[in-house]
Amino acid sequence: MRQLAAVMFTDIVGYTALMQDDEELAMGARTRHREVFQQQHELHHGEIIQYYGDGTLSVFKSALEAAQCAIEIQTLLKEGVAVPIRIGLHMGDIVFNKAEVYGDGVNYASRIQSLGVAGAILLSGKLNDELKNHTAISTASLGLFKLKNIDGAVEIFAITNKGITIPRAADLKGRKKNTDKTIAVLPFVNRSSSEENEYFSDGITEEIINALSKIKNLKVTSRTSSFFFKNKNVPIRQIANDLHVAAILEGSIRLAGDKIRITAQLVDAEEDFHFWSESWDRKLENIFEIQDEISLAIAHKLRDHFGHFEIQEHLVGKQTNSIEAYEYFLKAKFHFNKWNPEDARKAISLFEKAIESDPNHTESYLGLAECYGFMATTGFMPYEVAWTKSAQLTYKANELNDQLPGVQYQLANLSFFASANYTESFKQATAAIALKPNYVEAHQFMSFLQIVANEKERAFHHLEIALSLDPLSKETLFYNAYFDYMLEDFEKALEKLNTCLVHNPSNLAVHIVKCHCLLKLNRCDEVINYFDTMPYGTVGAGEKLGLTGLAYALKNDTVNTEESITQLAENAKGMDSLNANSYLFLMYVVTGENDKAFEWIGQAIEKRYSLLLLRFGDPLVNPIKGDKRYSEFQKIIYAKE
């Protein structure tokens, strides 16, 4: 008789070895296993088909009862002298007669059980689907696996209920080899006699990452996550697991006078073996040709290893004829990548020297623009002054080369933060991703653009890409936290924001979003006192006045609220006018002065207030989102064409 059933396979882990060491103990374990097994099958309406040595085969009419039975069996067998068993479950077609059960359903369950570890319950995707509406049982995917004598890869799930062992994917037998076209480029080791040449090896590593990132169907881990492992003694397989990649590129650079020696090796992460290596001895004057040659060689070897994907004729173009300008550029990037104001100022000086050496070096204009943008958004320079400077430099870079992904990305930032032009910002961010599909910063920004416009699914799509490209980056974590904030999951956002601050206590953007979370959680007193212990100059006067004013307003402290509005109005005339002005809008909203709030929006659209796009969709604006005027303005503000 053929029927659909939930099939359970179990066996005792290490039973054969136990029999050899202590036969009496092994027999006791098997006896206890069978007692618990029979008791629980009676309670959950399962039918025992066969005992075979240290294993069992049984069937259930219900996937839910099979899972509940498995949980009880594991829980009971962990009590006292534990009996280490592994359990596999599958929902499938079986042939059932009085003598035996067989069929694909039985084979699947047997193979799934064989993957497992002691204390775990593994499920097929089909059985997991049957449990989705039963909240008492929680599960998690462990990924794709190759099962013996079964075609294709099978997704395996584990029950994650309290007390049940949850294995890591790497702990299981039969892990399917990661055949995704994914690679991480680890920081090349500086083999030069001088430690000062560290900037050069880091810079060349980043240039190779950028080159490979241009390949559409190759996923390349971003610099931030790859450089997380710099100077750390971590096994290749663990790095690959942490970054979710199939291959690792590692290498070294030796710079001596006008000569350079570069070595590179590609490692299959799953098998942990080098499948390609090469060395290059060249003159420094040919640095761009070397980078192109190396990047193309790596790309072709990856294609041989992974399977076909398209590769451009060239991946690296010649930036400049001035090696001096290029060296200044790499030194500037080295400092800028440390993401603090002191090193950003050093980077500004070095980028300026690069431009002195080559007034047409596009990448240095772009680097300078990014520095000023960083100083603006983190509050280490006056917002309007820094963005104005960033704009001038970006437009210059755009004149020199409008096909650089970084130019389009920087234009997108300017359109949003300086011009309040959502339409242009969206177009430019889209162009940046088209030019460089692995551009993590552009995906982060696109996620941000979509979530402020309440395009949740599209925002999550780009956030997922950013997380896959840059899983260890605190910047990606910040965008993830902001996504949670905009979805009004304030506790989850706070947890991520606090993690960001552990790594960078001076990140003003993180502090601001954290204060917004605290306001939405009615923790207003914390916001009022939030900046008391922070160094002077960490936050602008407009920002501080605005946040504390909102806290007073939400506490219904009329006196302090009115005083805050007065001070904000005064500050709106001074150096920090943009921040103060935008907080006046939020104050109008939370104090119920809706007409004033909508009047502000109208003026902001007309005058292109730079913070309009950021404030308009904020959860603090919820009190007016039901107003017809709000939806009308929303169509205008977040228009994509």
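Residues numbered from 1 in each chain as written. Predicted model: local features only at pLDDT ≥ 70, side-chain atom pairs only at ≥ 80, totals over all residues. Heavy atoms only, no water.

### Concerning the packing of aromatic side chains
So, point 1. The final tally for this structure, using the stated rule, is 32 aromatic pairs.
So, point 2. Ring centres of Tyr422 and Tyr638 lie 5.1 Å apart, and the angle between their planes is 75°; this geometry places the pair in the edge-to-face category. Of the two residues, Tyr422 sits in helix α15 (residues 422-435) while Tyr638 sits in the segment after α27 (628-637), which places them 216 residues apart along the sequence.
So, point 3. The class for Tyr422 is buried, based on a relative accessible area of 1%.
So, point 4. By relative accessible area, Tyr638 is classed as buried at 8%.
So, point 5. Taking the centre distance of 4.6 Å and the plane angle of 15° together, the rings of Phe585 and Trp600 count as stacked. Taken together, the positions of Phe585 in helix α24 (residues 577-590) and Trp600 in helix α25 (residues 594-607) put the pair 15 residues apart, joining distant regions of the chain.
So, point 6. The exposure class of Phe585 is buried, given its relative accessible area of 0%.
So, point 7. Through a chain of ring-to-ring contacts, the aromatic side chains of Trp387, Tyr409, Phe416, Phe417, Tyr439, Phe445, Phe448, Phe478, Tyr479, Tyr482, Tyr485 and Phe490 assemble into a single cluster. (Phe/Tyr/Trp six-rings, centres within 6.5 Å; stacked < 30°, edge-to-face > 60°. Helix = DSSP H or I, 4+ residues; strand = E, 2+ residues; numbered from the N terminus. Buried < 20%, exposed > 50% of the residue type's maximum accessible area, 1.4 Å probe, protein only.)

### Examining the side chain of Arg615
So, point 1. As for its position among the elements, Arg615 is in helix α26 (residues 612-616).
So, point 2. One polar contact links Arg615 to Glu543, side chain to side chain, over a distance of 3.4 Å.
So, point 3. The contact partners of Arg615, leaving out residues within four places of it in the chain, are His516, Glu543, Asn579, Ser582, Tyr583, Phe585, Leu586 and Val621. (Polar contact = N/O pair within 3.5 Å; in protein donor to acceptor, adjacent residues only side chain to side chain. Contact = heavy atoms within 4.5 Å.)

### A word on the packing of helix α19 (residues 490-503) against helix α20 (residues 508-520)
So, point 1. α20 packs onto α19 with a crossing angle of 150° between their chain directions and a minimal axis gap of 10 Å. Classified by the interaxial angle, the pair formed by α19 and α20 is roughly antiparallel. For the crossing formed where α19 meets α20, the hand is left-handed. Touching Phe490, Ala493, Leu494, Leu497, Asn498, Cys500 and Leu501 of α19 are Val510, His511, Val513, Lys514, Cys517, Leu518 and Lys520, all from α20.
So, point 2. Class assignment of the residues belonging to the contact of α19 with α20 gives a composition of 10 nonpolar, two polar and two charged. (Axes fitted to C-alpha atoms, helices over the stretch in contact; angles between N-to-C directions. Parallel < 35°, antiparallel > 145°, perpendicular 65-115°, else oblique. Left-handed = near helix turned anticlockwise from the far one by under 90°. Nonpolar A, V, L, I, M, F, W, Y, C, P; charged D, E, K, R; others polar.)

### A short note on the pairing of strand β14 (residues 273-283)
So, point 1. Where strand β13 (residues 259-268) meets β14, 10 bridges bridge the pair, whose relative direction is antiparallel. Bridge pairing links Gln265 to Ser277 in β14. (Pairing = 2+ DSSP bridges.)

### Focus on unusual backbone geometry
Both trends apply: most residues other than glycine have a negative phi, and most peptide bonds are in trans.
So, point 1. Positive phi is not limited to glycine here, since His45 has a value of about 60°.
So, point 2. Mapping His45 onto the fold places it in the loop between α2 (23-43) and β2 (47-52).
So, point 3. The exposure class of His45 is exposed, given its relative accessible area of 58%.
So, point 4. Of note, the phi angle at Glu488 is positive, near 70°, even though the residue is not glycine.
So, point 5. If you trace the backbone, Glu488 turns up in the loop between α18 (474-486) and α19.

### What about helix α8 (residues 236-243)?
So, point 1. Every buried residue of α8 is listed here: Ile236, Ile239, Ala240 and Leu243. Buried residues of α8 fall within an arc of 100° about the axis and therefore sit on the same side.
So, point 2. Where α8 is buried, its residues touch β9 (182-185), α7 (223-227), β12 (247-256), β13 and α17 (456-469). (Arc of directions from axis to C-beta.)

### A short note on the pattern of salt bridges
Any two side chains of opposite charge can pair, given that their charged atoms come close.
So, point 1. A full pass over the atoms with the stated rule returns 18 salt bridges.
So, point 2. Two residues, Arg523 and Glu526, come together in a salt bridge whose shortest N-O distance is 2.7 Å.
So, point 3. Its relative accessible area of 32% is what places Arg523 among the partly exposed residues.
So, point 4. Each of Glu198, Asp202 and Lys230 takes part in a single network of salt bridges with overlapping partners. (Salt bridge = Lys/Arg side-chain N within 4 Å of Asp/Glu carboxyl O.)

### Remarks on the environment of Phe478
So, point 1. Relative to the helices and strands, Phe478 resides in helix α18.
So, point 2. For Phe478, a relative accessible area of 16% puts it in the buried group.
So, point 3. Between the C-alpha atom of Phe478 and that of Val513, which follows or precedes it by 35 residues, the distance is 9.4 Å.
So, point 4. Among residues more than four places away in sequence, those in contact with Phe478 are Leu497, Cys500, Ala509, Val510 and Val513.

### Some thoughts on helix α10 (residues 323-336)
So, point 1. With 14 residues, α10 extends 20 Å between its outermost C-alpha atoms, agreeing within 8% with the 20 Å of an ideal straight helix rising 1.5 Å per residue.
So, point 2. Inspection of α10 places Ala325, Tyr326, Phe329, Leu330, Ala332, Lys333, His335 and Phe336 among the buried residues, and these make up the whole buried set. (Expected span 1.5 Å × (residues − 1).)

### Regarding the state of the cysteines
So, point 1. Per the stated rule, a full pass over the model turns up zero disulfides.
So, point 2. Summary of cysteine pairing: Cys517 is not part of a disulfide, and the nearest cysteine sulfur, belonging to Cys515, is at 9.3 Å.
So, point 3. Assessed through its relative accessible area of 0%, Cys517 is described here as buried. (Disulfide = S-S within 2.5 Å.)

### A short note on the nonpolar core
So, point 1. Counting residues in hydrophobic clusters, the biggest one holds 89 residues, and the most contacted among them are Phe416, Phe445 and Ile601.
So, point 2. Those residues within four positions of Phe445 in sequence are excluded, and the remaining contacts are Tyr409, Ala412, Asn413, Phe416, Phe417, Ser425, Ala429 and Tyr479.
So, point 3. One finds Ala211, Phe329, Ala344 and Ile348 within the second-largest nonpolar core, a separate group that totals 63 residues. (Core = buried A, V, L, I, M, F, W, Y, C linked by side-chain atoms within 4.5 Å.)

Geometry only, nothing functional implied.
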